[in-house]
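Chain residues, written in single-letter form:
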Amino acid sequence: MATQEKKRPQNIAGNFYVDSTCIDCDTCRWMTPEVFNRQEGQSAVYHQPESEKERLRALQALLSCPTASIGTVDKPKDIKAAQTSIPILIAENVYHCGYHSESSFGAASYLIQRSEGNILVDSPRFTPPLVKQLERMGGVKYMYLTHRDDIADHRKFREHFNCDRILHQDEISSQTQDIEIQLQGLDPVKIAPDLLIIPVPGHTKGHTVLLYQDKFLFTGDHLAWSDHLQQLIAFRNHCWYSWSVLVKSMHELANYSFEWVLPGHGRRYHADTATMQQKMQELLNWMETA
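Draft legend 1. A look at the overall build of the protein chain. Secondary structure summary: the protein chain contains seven helices and 19 strands in total. Against the globule reference of 19 Å for 290 residues, the protein chain gives a C-alpha radius of gyration of 19 Å, in line with a compact fold. By the burial criterion, 56% of the 290 residues in the protein chain qualify as buried. Within the protein chain, contacts between residues at least 6 apart in sequence are counted, and of these 55% link residues at least 24 apart. For the protein chain, the computed accessible surface area is about 13,000 Å², with 48% contributed by carbon and sulfur atoms. The positive charge centre, built from 29 side chains, and the negative charge centre, built from 35, are 4 Å apart in the protein chain.

Structural data, given as structure tokens:
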């Protein structure tokens, strides 16, 4: 829990603050950029919320911070309203789950709400407010894990919702050896007419991405958007398996059509199909010379 004794001096005066336990995961900065920014290697509050909307978004970031490094001077009386606002709608029936986990270094998790059964993409923290909301929204049928890094509390979600977990066999470890559905090989796997799993080795050997309705692409640590560079990016300095293999995987991924990039780390990006294809080609041009 954040404490005023550890409050960073970079915070602007006011109710919200970030303390020195921040791990610089970027969660609060992309969730609520109107309140939080990066100063001297960690997050800080540069603008205190002024409207009800800004306050709600700041509280959502507070709840989602993986290290509980965001605090308020005054105990928030509206924290329950913030809790019930998560998962946060992104578009159509796709939600951001919030409640990031420190064990995944603050990676984002998503929910696809479907009449055929909900899909939880990567693992958020297993916390009662979120679990209660997931129950209200229909539970979890599948828990799809992009790769070994963002598994967090996967077993707790399995035990509570009796969901089948999905992970590529090359990502299996002692922490995931009991996964129900273990993918193999490099061929895409259609788990439903609207859900396609695409192997994209590179960041890790068995990394996969999930394409939903040929529109929403859940990319784990394979692909993200950089606000700073204003382009799609791959994580050259955080490629644990093979950069050359990652480049090849990205070329193959560019053959698919999608409008949303929803990553575990990095920023999400939305554009029409033509613009997305252009941005993918710009990325590939950069990757070939990186």
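The structure having been displayed, the exposition proceeds.
Draft legend 2. Inspection of the state of the cysteines at higher detail. Counted under the stated rule, the structure contains zero disulfides. Free cysteine: Cys22, not disulfide-bonded; nearest cysteine sulfur from Cys28 at 6.3 Å. Classification of Cys22 by relative accessible area gives buried; the value is 13%. For Cys97, which is in no disulfide, the shortest distance to another cysteine sulfur is to Cys163 and amounts to 12 Å.

Draft legend 3. Region of interest: the packing of helix α6 (residues 243–253) against helix α7 (residues 273–289). Direction vectors running N to C along α6 and α7 enclose 160°, while the axes themselves pass 10 Å from each other. When the axes of α6 and α7 are compared, the pair comes out roughly antiparallel. The two elements α6 and α7 meet at a crossing, and its hand is left-handed. The residues of α7 that touch α6, namely those facing Trp243, Leu246, Val247, Met250, His251 and Leu253, are Met280, Leu283, Leu284, Trp286, Met287 and Glu288. Within the contact of α6 with α7, the residues separate by chemical class into 10 nonpolar, one polar and one charged.

Draft legend 4. Summary view of the sheet that holds strand β5 (residues 88–91). Taken in spatial order, the seven strands make up an open sheet running β5-β6-β7-β8-β9-β10-β11, and their pairing is mixed. Whereas interior strands pair on both sides, the edge strands pair on one side only; in this sheet they are β5 and β11 (181–183). Direction aside, the axes of adjacent strands within the sheet are offset by 25° on average. Of the strands in this sheet, β8 (119–121), β9 (142–144) and β10 (164–168) are in contact with helix α5 (residues 154–161), which crosses β10 at around 150°.

Draft legend 5. Structural detail: the sheet that holds strand β19 (residues 269–270). Read across the open sheet, the six strands follow the order β12-β13-β14-β15-β18-β19; overall the sheet is mixed. The sheet terminates laterally at β12 (189–192) and β19, the two strands that pair on one side only. As judged from the three bridges shared by strand β14 (residues 208–212) and strand β15 (residues 216–220), these two strands associate in the antiparallel manner. Bridge pairing in β15 places Tyr212 opposite Phe216.

Draft legend 6. Region of the structure containing the packing of aromatic side chains. Tallied over the full model, the rule gives seven aromatic pairs. By way of ring pairs, the aromatic residues Phe126, Phe157 and Phe161 are connected into one cluster.

Draft legend 7. Spatial organisation of the nonpolar core. If you look at the biggest cluster of nonpolar residues, it comprises 58 residues, and the most contacted ones within it are Phe36, Ile70, Leu210 and Phe218. Per-element tally for this core: the top contributor is helix α2 (residues 52–64), with five residues. In contact with Ile70, not counting residues within four places along its chain, are Ala2, Phe16, Tyr17, Val18, Cys28, Phe36, Ala61, Leu62 and Cys65. The next biggest cluster of nonpolar side chains, apart from the first, holds 25 residues, and it includes Val200, Trp225, Met276 and Leu284.

Draft legend 8. Region of the structure containing the pattern of salt bridges. As enumerated under the stated definition, the model contains 17 salt bridges in all. One salt bridge in this structure joins Glu282 and Lys279, with 3.8 Å as the shortest N-O distance. One end of the pair, Glu282, and the other, Lys279, are both in helix α7, three residues apart, so they sit about a helical turn from each other. For Lys279, a relative accessible area of 16% puts it in the buried group. In this structure, a network of salt bridges that share partners links the residues Asp24, Asp26, Arg29, Arg38, Asp227 and Arg267.

Draft legend 9. Summary view of the packing of helix α4 (residues 128–136) against α5. Following both chains from N to C, one finds α4 and α5 inclined at 45°, their axes separated by 12 Å at the closest point. Judged by the inter-axis angle, α4 sits oblique to α5. Considering the relative orientation of α4 and α5, their crossing is right-handed. Of the residues in α5, those touching α4 at Leu130, Val131, Leu134 and Glu135 are Phe157, His160 and Phe161. Residue composition of the contact of α4 with α5, by class: five nonpolar, one polar and one charged.

What counts and what doesn't
Positions within a chain are numbered from 1, following the residues in the order the chain's sequence is written. Where totals are concerned, whole chains, interfaces and linings use all residues; where local detail is concerned, this predicted model gives features only for residues with pLDDT of at least 70, and gives and counts side-chain atom pairs only at 80 or more. As a rule here, side-chain values cover all heavy atoms of the structure and leave hydrogens and water aside. Each helix is a run of DSSP H or I of at least 4 residues and each strand a run of E of at least 2, with the numbering of both proceeding from the N terminus. We compute the radius of gyration over the C-alpha atoms and compare it with the globule rule, which gives 2.2 Å times the number of residues raised to the power 0.38. Only protein chains enter the accessibility calculation, which uses a 1.4 Å probe. A residue is then buried if its area is under 20% of the maximum for its type, exposed if over 50%, and partly exposed in between. Contacts: residue pairs with any heavy atoms within 4.5 Å of one another. Here the open area of atoms and residues is found with the Shrake-Rupley method and a 1.4 Å probe, where only the protein chains shown may cover a residue. Counted as positive: Lys and Arg. Counted as negative: Asp and Glu, with His and the chain ends omitted from the count. Here the site of a charge means atom NZ of a Lys, CZ of an Arg, CG of an Asp or CD of a Glu. When two cysteine sulfur atoms lie within 2.5 Å, the pair is treated as a disulfide. Note on definitions: angles span 0 to 180 degrees between N-to-C directions of axes, and those axes are lines fitted to C-alpha atoms, for helices only across the stretch in contact. For classification, angles of less than 35 degrees are called roughly parallel, those exceeding 145 degrees roughly antiparallel, those between 65 and 115 degrees roughly perpendicular, and all remaining angles oblique. Throughout, a crossing is termed right-handed when the near helix is turned clockwise from the far one, and left-handed when it is turned anticlockwise from it by less than a right angle. Following the grouping adopted for this structure description, the nonpolar residues are Ala, Val, Leu, Ile, Met, Phe, Trp, Tyr, Cys and Pro, the charged ones are Asp, Glu, Lys and Arg, and the polar ones are all others, Gly among them. Two strands make a pair as long as DSSP finds a minimum of two bridges between them. Put simply, two rings from Phe, Tyr or Trp (the six-membered ring, in Trp's case) pair if the centres are within 6.5 Å, and we call them stacked under 30 degrees between planes, edge-to-face over 60, tilted for the rest. Here, nonpolar core refers to any group of buried Ala, Val, Leu, Ile, Met, Phe, Trp, Tyr and Cys residues whose side-chain atoms link them within 4.5 Å. Only one rule defines a salt bridge in this text: a Lys or Arg side-chain nitrogen within 4 Å of an Asp or Glu carboxyl oxygen.

Taken by themselves, the reported measurements are silent on function.
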